[in-house]
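Commentary on secondary and tertiary structure
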Amino acid sequence: MSTQITTGFSEQFTSEVALLLQQHSSRFASSVLSRNFTGKDAKAVEQIGSVTAQKRTTRHADTPQIDTPHSARWIYPVDYEFADLIDQQDELRAIASFESAYVQNAAHALRRAQDDEIIAAFFSDTTKTGEDGGTTQSWNTYSTSTDTDHLVAAGGVGMTVAKLRSAKKALMADHVDIDVDPLYVGIAASQHDDLLGETLATSLDYTTRPALVDGRISSFMGFNFINSERLPTGAGSARSCPAYARSGMMVGFWNDVTGRVSERDDKSYATQVYASTTIGATRLEEAKVVEILCAE
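In this report, the structure presented in the accompanying data block is examined. Just so it is clear, the structure is predicted and the values come from calculations on it, not from any experiment.

**A closer look at unusual backbone geometry**
One non-glycine residue with positive phi stands out, namely Met221, at about 55°. The backbone phi angle of Ser268 is positive, close to 55°, even though this residue is not glycine.

**Here's the deal with the pairing of strand E13 (residues 270-283)**
Counting buried positions along E13 gives 13 out of 14 residues, so the element sits mostly inside the fold. Note: strand E4 (residues 78-86) against E13, nine bridges, orientation antiparallel. Opposite Glu81, over in E13, you have Ser276 as the bridge partner. Linking two consecutive strands that pair antiparallel, namely strand E12 (residues 249-264) and E13, is a turn of five residues; a positive phi of about 55° is found at Ser268 within it.

**What about the pattern of salt bridges?**
Counted according to the given criterion, the structure contains seven salt bridges. Of the charged contacts in the structure, one is a salt bridge between Asp116 and Arg230, with a shortest N-O distance of 2.8 Å. You can see Asp116 sitting in helix H2 (residues 99-122) and its partner Arg230 sitting in the loop between strand E10 (223-227) and strand E11 (239-245), a full 114 residues away along the chain. With a relative accessible area of 35%, Arg230 lands in the partly exposed category. Its salt-bridge partner being Glu285, residue Lys288 comes within 3.2 Å of it at the nearest N-O pair. On the basis of relative accessibility, which here comes to 32%, the residue Glu285 falls in the partly exposed class. Connected through shared salt-bridge partners, Arg73, Arg283 and Glu286 make up one network.

**As for the nonpolar core**
Counting 44 residues, the largest nonpolar core has Met159, Leu164, Tyr244 and Ile292 as its most contacted members. It is helix H4 (residues 161-173) that contributes the most residues to this core, five residues altogether. Setting aside chain neighbours within four positions, we find Met159 in contact with Leu164, Val185, Ile187, Gln191, Asp194, Leu195, Cys241, Ile292 and Cys294. In this structure, Ala42, Ala44, Ile75 and Met250 belong to the second largest nonpolar core, which totals seven residues.

**With respect to the sheet that holds strand E7 (residues 151-152)**
Adjacent strands of a sheet pair through backbone hydrogen bonds, lying either parallel or antiparallel. Reading across the sheet, the six strands line up as E7-E14-E11-E8-E10-E9 and stay open at both edges, with mixed pairing between neighbours. Edge positions in the open sheet fall to E7 and strand E9 (219-220), since each of these has one partner strand only. Strand direction decides the pairing type here: strand E8 (residues 183-187) and E10, joined by five bridges, are parallel. Following the sheet pairing, Val185 is matched in E10 by Phe225. Running at roughly 160° to strand E14 (residues 289-294), H4 makes contact with E7, E8, E9, E10, E11 and E14 of the sheet.

**Observations regarding the sheet that holds E12**
Here we have four strands laid out as an open sheet, ordered E1-E12-E13-E4, and mixed in their pairing. Only two strands of the sheet have a single neighbouring strand rather than two, namely strand E1 (33-36) and E4. The sheet shows a mean angle of 25° between the axes of neighbouring strands, direction not considered. One ladder, built from four bridges, connects E1 with E12; its direction is parallel. Paired with Leu33 across the strands is Met250, a residue of E12. Across the sheet, H2 touches E4, E12 and E13, and the angle it forms with E13 is around 15°.

What counts and how
- Residues numbered from 1 in each chain as written.
- Predicted model: local features only at pLDDT ≥ 70, side-chain atom pairs only at ≥ 80, totals over all residues.
- Heavy atoms only, no water.
- Buried < 20%, exposed > 50% of the residue type's maximum accessible area, 1.4 Å probe, protein only.
- Helix = DSSP H or I, 4+ residues; strand = E, 2+ residues; numbered from the N terminus.
- Pairing = 2+ DSSP bridges.
- Salt bridge = Lys/Arg side-chain N within 4 Å of Asp/Glu carboxyl O.
- Core = buried A, V, L, I, M, F, W, Y, C linked by side-chain atoms within 4.5 Å.
- Contact = heavy atoms within 4.5 Å.
- Axes fitted to C-alpha atoms, helices over the stretch in contact; angles between N-to-C directions.

Structure follows, in structure tokens:
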């Protein structure tokens, strides 16, 4: 079992097992589309591209043949698991039962793993497209070559209202229906602190909810903020913050977090706490995602 179990032996002054400060649940899973899948891979969605109607200019004209473009996005499962042992001798020496705490700890670890998969999918350079998943869509290629700017430069500063405006402009310019498609921005504590210093984000002249009452900005400019310290940092320590529409991302569940507690006769009948999950995530549409780089 974990060697840290000795901290729970009877010389301790408390009878409760306190979990260390950590992120407990998935922050992003509820902000993206989700589906259950089976098999070694799956089509996340069938996609039909836009078409342009042809203007009729003469009587008795030939019927136009306008081919509708078809594509698909693919999603691939990844397995995560956790296991730890609790010896009988350790349980005898402990005031509290560690079993339920270990189960919770395992579940929390796997929920964080789900976030890691979703976060990696935001700006993945290996997103698979095409009818058979044989085409790769690079985020780096798309975000730097598209007419609408889906990459907001760091510019040596952190998160600003101007950057949020640029992200909103890019999403709207690519026809994201912001009236029905919820918008989100993932930020870390540093970016949240940046926004607290922005008058436009905190003044009641610009928002109906006073942010400084509880010291937290949960939404602004139509974006719902998701706080996570797991967002990646790249060159120059710039944090990559995703601004996205819910329909632009998907998480797939082959197996949500499941677990079991059992006795191991090959480990001197120790109690084993085991948990696992099989999940995958993908970007569905590049036009519905914006990368905001923020200096820290």
